[in-house]
Amino acid sequence: MNLRDPKKPFIIAGPCSAETEEQVFSITQKLAASGLVDLIRAGVWKPRTRPGNFEGIGHIGLDWMVRAGKEYNIKVATEVANANHVEEALKAGIDALWIGARTVSNPFSVQEIADALKGSNVPVFIKNAINPDLNLWVGAIERIQNSGIKKVTAIHRGFSSYQKTRYRNEPLWNIPIRLMQIFPDVPIMCDPSHICGNTEYIPYIAQQALDMNMDGLMIETHPDPENAWSDKEQQLTPNELIDLLNNLNNRVQSNNESDQYILDELRLKIDELDELMVNCLAKRFQVVEDIAAFKKHRNLTVLQINRWSEILQQRVAEGKALGLRAEFIVELLEIIHNESVLKQSQIINQPHQVNKIQTKNH
Ligand code: PEP
Ligand code: MN
């Protein structure tokens, strides 16, 4: 398994769940024959958020997967959520394991898995936790690495949120980007199936992952998605998967001299503009300080809602006229406005200093 092949993304595909012997053999045969898939996935223990859904076929599925893998000469992977799963999967001869989002959210479970993995050299894929907490993901990777496992790979599968958007799990790309900075040597893949929750946006998210220079994709693929026992809305047929993979543009981190020259020129411009932007922000916050001093003197409230609504409206219109998305302008202004309110409160409430905010790291 070469997880860092700059020419070709590493592809994991297969059903959400192993259902029957026939289903496992059929999907393994089709995906192996495509020549595009590096590793077959299927869950035999399914951690479902609510009871009453299909919770996996259990131990027997391991045997189907291992036999199908041998028959079609392809490696197979399954999800583990406790020490017992690890022992059974390894004993059955499963080639690689992954730890799911719900399990990564619980450090006790991750540690139990790490302890059970000691002495083995099985590759382990680690999804992000369901909630957007980078440190849970980092912690899980550290625990598994500390157990002596050398081949650890991260899988970005999006983050659950209360508000329902077009995605089942929001991609929040800045979180996997932070992970790449923390672990430059740990390959990272994307699971567009669990991000999207339906098949419609999978190609878009898959391409975006490759554009972010991710190392591979895990994509749920089922011989008959409509009748799948779990996650039926998001599974592709083998032909759909093949189509998708053939249409992905695998960009390279090109570094030939003329590319580098053009990029350097453009990056110089970006650097200059960023410097202007930072200077401009610093000036803006000097004005914020003057405003705060005045509000303190006159005993005025920090937030004046009409003024804030007016700013938003005007800036959105100005941005739009210059080709900037309204949502982007709103988000950006909200960040600036939050900082401005915080700064004003600090100045106005001195010496009480009620607004010292610290990032907690448990
Ligand atoms: C899965 O891969 O089928 C799964 C349950 O994924 P996640 O842990 O990302 O929800
Ligand atoms: Mn699934």
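Scoring rules and cut-offs
- Residues numbered from 1 in each chain as written.
- Chains lettered and ligands numbered in written order.
- Predicted model: local features only at pLDDT ≥ 70, side-chain atom pairs only at ≥ 80, totals over all residues.
- Heavy atoms only, no water.
- Near = heavy atom within 4 Å.
- Polar contact = N/O pair within 3.5 Å; in protein donor to acceptor, adjacent residues only side chain to side chain.
- Areas by Shrake-Rupley, 256 points an atom, 1.4 Å probe, with all protein chains shown as cover.
- Nonpolar A, V, L, I, M, F, W, Y, C, P; charged D, E, K, R; others polar.
- Patch = residues over 30% accessible without salt bridge, like charges linked within 9 Å, V, L, I, M, F, W, Y side chains within 5 Å.
- Salt bridge = Lys/Arg side-chain N within 4 Å of Asp/Glu carboxyl O.
- Lys, Arg positive; Asp, Glu negative; His and termini not counted.
- Charge placed at Lys NZ, Arg CZ, Asp CG, Glu CD.
- Helix = DSSP H or I, 4+ residues; strand = E, 2+ residues; numbered from the N terminus.
- Buried < 20%, exposed > 50% of the residue type's maximum accessible area, 1.4 Å probe, protein only.
- Donors = N, O, S within 2.8 Å, 3.2 Å for Na, K, Ca; no water.
- Axes fitted to C-alpha atoms, helices over the stretch in contact; angles between N-to-C directions.
- Parallel < 35°, antiparallel > 145°, perpendicular 65-115°, else oblique.
- Left-handed = near helix turned anticlockwise from the far one by under 90°.
- Contact = heavy atoms within 4.5 Å.

Peer 1: Can you help me understand the site of ligand 1 in this one?
Peer 2: Near ligand 1, the surroundings consist of Cys 16, Arg 41, Lys 46, Glu 79, Trp 98, Gly 100, Ala 101, Arg 102, Lys 127, Arg 157, His 194 and Glu 220. Within the contact set of ligand 1, an oxygen atom lies 2.7 Å away from a side-chain nitrogen or oxygen of Arg 157. Contact with the protein chains removes 98% of the 300 Å² of surface that ligand 1 exposes when unbound. Grouping the constituent residues of the shell around ligand 1 by class yields 3 nonpolar, 2 polar and 7 charged.

Peer 1: It is not clear to me how a negative patch on the surface should be interpreted in this structure. Could you clarify?
Peer 2: Taken together, the side chains of Asp 271, Glu 272, Asp 274 and Glu 275 define an acidic patch exposed on the protein surface. Relative to the helices and strands, Glu 275 is located in helix H11 (residues 257–298). By relative accessible area, which is 54% here, Glu 275 ends up exposed.

Peer 1: So what exactly am I meant to see when it comes to the coordination of the manganese ion (ligand 2) here?
Peer 2: In an ideal tetrahedron of four donors about a metal, each angle is 109.5 degrees. In an ideal octahedron of six donors, the angles are 90 or 180 degrees. Within the protein, the atoms that donate to the manganese ion (ligand 2) are Cys 16 (SG), His 194 (NE2), Glu 220 (OE) and Asp 231 (OD), at distances of 2.1 to 2.5 Å. In primary sequence terms, the donor set of the manganese ion (ligand 2) follows C-x177-H-x25-E-x10-D. In this pair, Cys 16 is assigned in the loop between strand S1 (10–14) and helix H1 (21–34) and Glu 220 in strand S8 (residues 216–220), connecting sequence segments 204 residues apart. For the pair shown, Cys 16 and Glu 220 are each scored as buried.

Peer 1: Looking at this model, I keep getting lost on the packing of helix H6 (residues 134–146) against helix H7 (residues 174–182). Mind explaining?
Peer 2: Two quantities define a packed helix pair, namely the angle between the axes and the distance from one axis to the other. Interaxial distance between H6 and H7 falls to 10 Å at its minimum, and their mutual angle equals 40°. Taken as axis vectors, H6 and H7 run oblique relative to one another. The hand of the H6/H7 crossing is right-handed. From H6, Leu 134, Trp 137, Val 138 and Ile 141 reach across to H7, where they touch Ile 175, Pro 176, Arg 178, Leu 179 and Ile 182. Residue classes in the contact of H6 with H7 are distributed as 8 nonpolar, no polar and 1 charged.

These results come straight from atomic positions and should not be treated as a statement about function.
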